[in-house]
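# Analysis of the macromolecular model
Residue-level listing of the chains:
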Amino acid sequence: MPSIMREEAIPKEKVILAKQYPVFVADTIGVTSHYQKLHWHNVLEINYIKAGTGYYMINGQRYDFRQGDMLLINSNDLHCAHETEDLIMTVITFDPTWFIHNLRFDAELFSPFREMGTHFTNLICRDHPAMDKLRRLVLELQEENEQGRRSHATTVYALLLQVMATVNRECRITGGRGNEPGIGERQLEKMRQVILVMEQNYAHPWTLEELASLVYLSPSRFSEIFKRAVGMPPLLYLIHIRLEQAVMMLDGGQMKVMDVALECGFRTLTNFNRLFKKHIGMTPKASQKQQT
């Protein structure tokens, strides 16, 4: 109960990132007063300590860090940072939905975040065997982001994907620890099955009950497992699938916006326009003109 009360008392911070490039990479010198207060946000965060020392308070636990350490911050982690001496920290903040379709091929990609406290810890210490590789990937990612050369977005995407895959492969704690069990392989396989059906039948007017019945789970249990596995509720994931399909259909300007909306499972043009602009960052017509 105390943790629930804290989450209600501290509104989740909404970090706004560019729709086409939903990642922010920057060095911070010290810690501003805002980040010295407990907060939580709607994005994932990776921090690499370039110099100095400090500590994080994450969900009531203190993590002292110094040069060479790396920290993972989940979207539901209540956290704040403090500098103790000459702190320089590389902060990578990103929207997990950027990688949503990689989950079809690697359902464990976000395990370091969703299994935090059981098979992973927020702090990866400087002496971990994987740190040399992780350090190289992060510094290369930062360089690509800053230089902005041709295809830099694709390169940053690929490097961040490697960072998460490396943490998942190399930093898992065997045996696990903590109270909350991770998602088992059987549960992950059920979510894969549902995702495949959703992607193949994206225009169907799915309900939560229908999706849950595909894998013989109650709606509440299915929704809980799906959100832990994917990082968002099932019906929101369905919206993302439909919108991605809509973007492809609008390419070339051969179809009317209304026809695309209906083809992708949206019942009204108004709803389609609203959701498209919210998640894609522009109207369907603007997207169509941009691609022609």
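Refer to the structure presented above.
Everything numeric in this text was worked out from a predicted model, so none of it was measured.

It is worth spelling out the overall build of the protein at this point. Secondary structure assignment for the protein yields eleven helices and six strands. Here the protein, with 292 residues, has 45% of them falling under the buried criterion. Considering only residue pairs separated by 6 or more positions, the protein has 72% of its internal contacts joining residues 24 or more positions apart.

The next thing to look at is the packing of helix α3 (residues 131-147) against helix α4 (residues 152-170). What describes two packed helices is the angle between their axes and the distance between those same axes. It is the contact of α3 with α4, at a shortest axis distance of 9 Å, that shows an interaxial angle of 160 degrees. Between α3 and α4, the angle falls in the class roughly antiparallel. As α3 runs across α4, the sense of the crossing is left-handed. Seen from α3, the contacting residues are K133, L134, L137, V138, E140, L141, E144 and N145; seen from α4, they are H152, T155, V156, L159, L160, Q162, V163, T166 and V167.

This paragraph deals with the packing of aromatic side chains. All told, the structure shown has eleven aromatic pairs when counted by the stated rule. Here the aromatic rings of Y56 and F65 are separated by 5.9 Å at their centres, their planes lie at 50 degrees, and the arrangement is tilted. Relative to Y157, the ring of W98 has its centre 4.9 Å away and its plane inclined at 85 degrees; by these criteria the two rings are edge-to-face. Of this pair, W98 sits in the loop between β5 (79-94) and α2 (111-114) while Y157 is found in helix α4, placing the two residues 59 residues apart along the sequence. These aromatic residues form a ring-pair network of at least three members: Y21, F94, W98, F99, F113 and Y157.

We now examine the packing of helix α8 (residues 234-250) against helix α10 (residues 269-280). Between α8 and α10, the least distance of the axes is 10 Å, while the angle of their chain directions is 95 degrees. Taken together, the axes of α8 and α10 are roughly perpendicular relative to one another. Between α8 and α10, the residues in contact are L236, I239, H240, L243, A246, V247 and L250 and F272, L275, F276, H279 and I280, respectively. Considered class by class, the residues forming the contact of α8 with α10 number ten nonpolar, two polar and no charged.

Cut-offs and rules
- Residues numbered from 1 in each chain as written.
- Predicted model: local features only at pLDDT ≥ 70, side-chain atom pairs only at ≥ 80, totals over all residues.
- Heavy atoms only, no water.
- Helix = DSSP H or I, 4+ residues; strand = E, 2+ residues; numbered from the N terminus.
- Buried < 20%, exposed > 50% of the residue type's maximum accessible area, 1.4 Å probe, protein only.
- Contact = heavy atoms within 4.5 Å.
- Axes fitted to C-alpha atoms, helices over the stretch in contact; angles between N-to-C directions.
- Parallel < 35°, antiparallel > 145°, perpendicular 65-115°, else oblique.
- Left-handed = near helix turned anticlockwise from the far one by under 90°.
- Phe/Tyr/Trp six-rings, centres within 6.5 Å; stacked < 30°, edge-to-face > 60°.
- Nonpolar A, V, L, I, M, F, W, Y, C, P; charged D, E, K, R; others polar.

It is worth stressing that arrangement in space is one thing and function is another; only the former is reported here.
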